Amino acid sequence: MSMILSASVVRVRDGLPLSASTDYDQSTGMQECRKYFKMLSKKLSQLPDRCTLKTGQYNINFISSLGVSYMMLCTENYPSVLAFCFLDELQKEFITTYNMMKTNTAIRPYCFIEFDNFIQRTKQRYNNTRSLSTKMNLVDMQTEIKLRPPYQISVSELGSVNGFSHISVGEYKGTGKISAAPHQRLEPVTLPGIVSFVLSLLCGALNLIRGFHAIESLLQNEGEDFSYVIAFFLGTAACLYQCYLFVYYTGWRNAKSFLTFGLICLCNMYLYELRNLWQLFFHVTVGAFSTLQIRLRQPQGKSPDYNV
């Protein structure tokens, strides 16, 4: 008989279980699948936003959205379209019920255990297909799965010595292999992030203007130091690169932001004679603020155009 057996809600960044269905099946197969649940939970941040793990008699499916993953265990013959429609319903209800602040600051396992009531009701509906009234959703989901099938995780990948360390989200196209991810999407922009972006652009513009003035002064007075011109343009490049790091995901992103901030500090130290203390304080403070915002804006668990 095809059916959904259990489901859980897990935080992506650290695998903290937020809620789960209450299951009483203690069979060997179910116990083994619970181990797979735990192993997958620890690697969610390194996996695509929609995956399937086939474990013989059972399948584990999950989707990730806004830092939260929705996982379910079903029999191997349970339709994939119904499985992902079920997960879609859990996702929509959970996002409606709990805001991101609560899920991000949760420290206790199963602190949203009351969500189990909705999981159980939804599971009963999906185990009785005659009661389903989501034909339009099923058609949409079927189209979505055809266009972008879930990534198939193998049991051998779970059992490897290095876990999923060789897997990254970037080149996931549905059925293809996964490798380095230069275009992974970041979390939504916050107001402080926008402020830091604008201030970094302002500092870059100020450095650029002063750089051109330094060139004019150098052409008029042969005794002027050309190194000041270099310092101004390096400061401009550092500010613009901070903007780039804030907007786009790259490898070693945090390390690059700290190195860029260090370059901003060095340039301003060198320009000490040409700027007053308030100007130096402004440039260094903006650089530090931008570095913090780059650090806080982390990669998200799924792409924002994922509307399943």
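Under an unreviewed UniProt entry, the protein has the name Vesicle-trafficking protein SEC22a and belongs to Atrichornis clamosus. Turning to the protein, the UniProt annotation filed under Subcellular location (unreviewed entry) states: "Endoplasmic reticulum membrane". For the protein, the Function (unreviewed entry) comment in UniProt is given as "May be involved in vesicle transport between the ER and the Golgi complex."

Trainee: How do you make sense of empty space enclosed by the protein when you look at a structure like this?
Mentor: Empty space left among the atoms is revealed by rolling a probe the size of a water molecule over them. Under the defined criterion, the tally for this structure stands at 1 cavity of 30 Å³ or more. Put simply, the largest cavity is a space of about 40 Å³. Lining the largest cavity, in full, are Asn 207, Ala 231, Gly 235, Cys 239, Ile 264, Cys 267, Asn 268, Leu 271 and Arg 275. Where the lining of the largest cavity is concerned, the elements lending two or more residues are helix H8 (226-247) and helix H9 (253-270). Grouping the constituent residues of the lining of the largest cavity by class yields 5 nonpolar, 3 polar and 1 charged.

Trainee: Any chance you could explain the UniProt feature "transmembrane region" (unreviewed entry) in the protein here in plain terms?
Mentor: Under the present numbering, the feature "transmembrane region" (unreviewed entry) in UniProt falls on residues 189-209, 229-248 and 255-272. With 90% helix and 0% strand, the stretch residues 189-209 has end C-alpha atoms that lie 28 Å from each other. Strand forms 0% of residues 229-248 and helix 95%; the C-alpha atoms that close the span are 29 Å apart.

Rules behind the numbers
- Residues numbered from 1 in each chain as written.
- Predicted model: local features only at pLDDT ≥ 70, side-chain atom pairs only at ≥ 80, totals over all residues.
- Heavy atoms only, no water.
- UniProt positions renumbered as here; feature names shortened; annotations may be inferred.
- 1 Å grid on protein atoms, 1.4 Å probe; cavity = no way out; pocket = protein on both sides within 12 Å on 5 of 7 lines; lining within 4 Å.
- Points joined across faces, edges and corners; volume = space filled by probe spheres on them.
- Helix = DSSP H or I, 4+ residues; strand = E, 2+ residues; numbered from the N terminus.
- Nonpolar A, V, L, I, M, F, W, Y, C, P; charged D, E, K, R; others polar.

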